[in-house]
Amino acid sequence: MTAEGCLVTTQGSHLIRTRLLAAPKTTKKKGDARVYSWNVNGIRASTKKGLDRWVEQSNAEIIGLQEVRADLSSIPEEILALKDYQQHYVAAEKKGYSGVGMLSRRKPDRLDTSLGEERFDSEGRLQVARFGRLVVANGYFPNGSGKNRSNDRVPYKLDWYRALFERVEKWRRGGYRVLVMGDYNTAHKDIDLARPKDNRKTSGFLAEEREELDRWIEAGWIDTFRAFEPGPDHYSWWSQRFGVRAKNIGWRIDYILASPSAMPFVRNAFIEPDTLGSDHCPIGVDVDPAIFD
């Protein structure tokens, strides 16, 4: 049994509720196309907090969601009713676990969800969509912590990274412009988490995990956010312990990496920490629409 993938074309309207997530804060320049990535920590929970309204206000061309934790039958009606978006979801075999979703204004020319191994595909962690000359990989990269924080899932995590690397490198070598977005579950450098010294033995900041990201960067992939913002104190995930987010004791573990051929079309990259509704916040890039051509 493989992970479930279903394409849904939706039309209709829905009731706007009063409990809303913060509206997108970053201003998009006229003519640019916006691409978002967001680990929503459960699409049903985040919809109760206004995810559908956030999508409507985002003015996004493409939205990649991670940790959806729902199969198609459980996607909230408020989301399915978003009439401007094609929707596609991939569920894990294990109910209420993992899962990714993609919303796009245009229909993908091609959409793949497999890395070619059951141990990867059964967890529902990937969508690779082609839109003209743009390829967007939306991934929920594994957490390496494992049982009792023993880090026993690190080998699986690194294998998943490497399998995806080989897949997107093929698209890159084929002349496509590639964006690889999602929750990478790894903070790359000391600057990417508030307390690096305290977390060197924690999955998400282990040397071997960071070295795998080094390998991507050394191969030419560009961390889009760092291309525009070199400074500290920018995070995309915070523990749900009381007061941690307010104090900005966080980690930057959500990324959009661009291939060298895609990067010239990237006009801006950003993080929106004021948008609530999950323990992660949305990240994104604005791109020249010519990236599709």
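See above for the structure.
Scope of this entry: the structure provided in the associated data block. (Residues numbered from 1 in each chain as written. Predicted model: local features only at pLDDT ≥ 70, side-chain atom pairs only at ≥ 80, totals over all residues. Heavy atoms only, no water.)

**Focus on the pattern of salt bridges**
For the coordinates displayed, the defined rule picks out 24 salt bridges. For lysine 157, the salt bridge identified is with glutamate 209, shortest N-O distance 3.0 Å. On the criterion of sequence distance, the pair formed by lysine 157 in helix α5 (residues 154-173) and glutamate 209 in helix α6 (residues 207-218) is long-range, its members being 52 residues apart. Each member of the pair, lysine 157 as well as glutamate 209, is classed as buried. The closest approach of N and O atoms between arginine 210 and aspartate 190, which form a salt bridge, is 3.5 Å. With arginine 210 in helix α6 and aspartate 190 in the loop between β9 (177-183) and α6, the pair connects residues that are 20 residues apart, well separated along the chain. In the salt-bridge network here, residues are joined through shared partners; they are Glu117, Arg119, Asp159, Arg162, Glu212 and Arg215. (Salt bridge = Lys/Arg side-chain N within 4 Å of Asp/Glu carboxyl O. Helix = DSSP H or I, 4+ residues; strand = E, 2+ residues; numbered from the N terminus. Buried < 20%, exposed > 50% of the residue type's maximum accessible area, 1.4 Å probe, protein only.)

**Re the nonpolar core**
With 28 residues, the main nonpolar core has Ile62 and Val285 as its most contacted residues. If sequence neighbours within four positions are ignored, valine 285 has contacts with Ala33, Arg34, Val35, Leu179, Thr224, Ile256, Val266, Asn268, Ala269 and Phe270. (Core = buried A, V, L, I, M, F, W, Y, C linked by side-chain atoms within 4.5 Å. Contact = heavy atoms within 4.5 Å.)

**Structural notes on the layout of surface pockets**
In this structure, the largest pocket occupies an estimated 830 Å³ of space. Along its surface, the largest pocket is lined by 34 residues, and Asn143, Ser145, Arg149, Ser203 and Trp237 are the ones closest to its centre. For the lining of the largest pocket, a count of residues per class yields 11 nonpolar, 15 polar and eight charged. In this model, the second largest pocket occupies a volume close to 270 Å³. Lining the second largest pocket we find 15 residues, and of these Gln240, Arg245, Gly277, Ser278 and Asp279 sit closest to its centre. Here the lining of the second largest pocket is built from residues that sort into five nonpolar, six polar and four charged. (1 Å grid on protein atoms, 1.4 Å probe; cavity = no way out; pocket = protein on both sides within 12 Å on 5 of 7 lines; lining within 4 Å. Points joined across faces, edges and corners; volume = space filled by probe spheres on them. Nonpolar A, V, L, I, M, F, W, Y, C, P; charged D, E, K, R; others polar.)

**Here's the deal with the sheet that holds strand β8 (residues 134-140)**
Across a sheet, strands are paired by hydrogen bonds formed along the backbone, either parallel or antiparallel in direction. Pairing in this open sheet of six strands is mixed, and the strands run β6-β7-β8-β9-β13-β10 from one edge to the other. On the outer flanks of this sheet lie β6 (110-112) and β10 (222-223), each paired with one strand and no other. As judged from the three bridges shared by β6 and strand β7 (residues 126-131), these two strands associate in the antiparallel manner. Following the sheet pairing, arginine 110 is matched in β7 by arginine 130. Here α5 sits on the sheet in contact with β6, β7, β8 and β9, set at roughly 155 degrees to β9. (Pairing = 2+ DSSP bridges. Axes fitted to C-alpha atoms, helices over the stretch in contact; angles between N-to-C directions.)

**What about the packing of aromatic side chains?**
Tallying each qualifying case throughout the model produces 14 aromatic pairs. Ring centres of tyrosine 36 and phenylalanine 270 lie 5.6 Å apart, and the angle between their planes is 85 degrees; on these two criteria the pair is classed as edge-to-face. Here tyrosine 36 is found in strand β2 (residues 33-39), whereas its partner phenylalanine 270 is found in strand β14 (residues 266-271), with 234 residues between them in sequence. By relative accessible area, which is 0% here, tyrosine 36 ends up buried. An angle of 80 degrees between the planes, with centres 5.0 Å apart, marks the rings of tryptophan 171 and tyrosine 176 as edge-to-face. (Phe/Tyr/Trp six-rings, centres within 6.5 Å; stacked < 30°, edge-to-face > 60°.)

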